[in-house]
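Breakdown of the fold
Here is what each chain is made of, one letter per residue.
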Amino acid sequence: RGLTDLLLFKRDGGTARSLVLYEANGIATILSKKPGYTVSANLLDTIRQHTAPSILICTGFLEFELPLVRALFTAPGVAEARILSPHVGCYATPSGREQCLALAEQADLFQANAFELGRLLDQGDDWQFPTDSQVAQDTLQQVGSRIVCITLGSGGSITYDRESQQLLIQRAYDTNPI
């Protein structure tokens, strides 16, 4: 159905400035100017009536925004595909990590970088993404999402598809000019 059915939820600007829902047609709905957020049935109804997205992308959010993300993820009829990419600060507490993992289980795609994944899985800041493909697959299965994509900087990216149980390793492209 194209990009007109896309809804992007992201943090806009600095700390607690505002949260905005961006539709592909350029319409923006400002939800709040500061934390904490209350998620009412009226808000979800408004989102369903005015956006009706088939794709929901939630990115760059922090722990205090999890109630809104959870409400968007679980609202009936809001989206057919759910993409999740939290801010690394969302993993700062055990509660944040637990809530993010619960949301990841409902996501069709979870995206993070290796450092963020280490934080999400409470592995510490010195944790390195495993180089063994079976260990990498086992690690990505812990996230619970249907598809998990982890960027590895100059190492490329690695994607795990739970349904096909396949691991895709994409090497980084050479960035040197020709």
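See the structure shown above.
Residues numbered from 1 in each chain as written. Predicted model: local features only at pLDDT ≥ 70, side-chain atom pairs only at ≥ 80, totals over all residues. Heavy atoms only, no water.

**Quick look at the side chain of Arg82**
By the element assignment, Arg82 lies in strand β5 (residues 81-85). Buried charge without a partner: Arg82 forms no salt bridge, and the closest opposite charge is Asp108, 4.9 Å away. (Helix = DSSP H or I, 4+ residues; strand = E, 2+ residues; numbered from the N terminus. Buried < 20%, exposed > 50% of the residue type's maximum accessible area, 1.4 Å probe, protein only. Lys, Arg positive; Asp, Glu negative; His and termini not counted. Salt bridge = Lys/Arg side-chain N within 4 Å of Asp/Glu carboxyl O.)

**Comments concerning the state of the cysteines**
One pass over the full model with this rule turns up 0 disulfides. Cys100 supplies the cysteine sulfur nearest to Cys90, a cysteine that is in no disulfide, at a spacing of 3.2 Å. (Disulfide = S-S within 2.5 Å.)

**A look at the pairing of strand β6 (residues 109-113)**
Residues of β6 alternate between two faces, with Phe110 and Ala112 buried on one and Leu109, Gln111 and Asn113 left unburied on the opposite face. Sheet analysis places β5 next to β6, joined by 2 bridges and oriented parallel. Across the sheet, the residue bridging to Leu84 is Phe110, located in β6. Remark: the β5/helix α3 (residues 94-106)/β6 crossover connection has right-handed handedness. In terms of strand pairing, β6 meets strand β7 (residues 147-151) through 5 bridges, oriented parallel. (Pairing = 2+ DSSP bridges. Right-handed = clockwise from strand over helix to strand, strands pointing away.)

**Notes on helix α5 (residues 133-141)**
Among the residues of α5, those classed as buried are Ala136, Gln137, Thr139 and Leu140. All buried residues of α5 project into a common sector of 160 degrees when viewed along the axis, lining one side. (Arc of directions from axis to C-beta.)

**With respect to the environment of Thr74**
By the element assignment, Thr74 lies in helix α2 (residues 66-74). A sequence separation of 32 residues divides Thr74 from Gln106, and the C-alpha atoms of the two residues are 8.3 Å apart.

**Quick word on the pattern of salt bridges**
What the rule picks out here adds up to 4 salt bridges. Where Arg146 meets Asp108, a salt bridge forms, and the shortest distance between an N and an O atom there is 3.9 Å. On the criterion of sequence distance, the pair formed by Arg146 in the loop between α5 and β7 and Asp108 in the loop between α3 and β6 is long-range, its members being 38 residues apart. For the salt bridge of Arg146 with Glu163, the shortest nitrogen-to-oxygen distance reads 3.7 Å.

**Some words on the environment of Gln134**
In this structure, Gln134 sits in helix α5. For Gln134 and Leu167, which are 33 residues apart along the polypeptide, the C-alpha to C-alpha distance reads 9.0 Å.

**With respect to the packing of aromatic side chains**
A full pass over the atoms with the stated rule returns 1 aromatic pair. For the ring pair Trp127 and Phe129, a centre distance of 6.0 Å and an interplane angle of 80 degrees mean the geometry is edge-to-face. Like Trp127, the residue Phe129 is buried in the burial classification. (Phe/Tyr/Trp six-rings, centres within 6.5 Å; stacked < 30°, edge-to-face > 60°.)

**As for the pairing of strand β9 (residues 166-170)**
Taken together, the 5 bridges between strand β8 (residues 157-161) and β9 define a ladder with antiparallel strand orientation. Bridging from a neighbouring strand, Thr159 pairs with Leu168 of β9. The antiparallel hairpin formed by β8 and β9 contains 4 residues in its connecting segment, where Gln165 sits at a positive phi of about 55 degrees.

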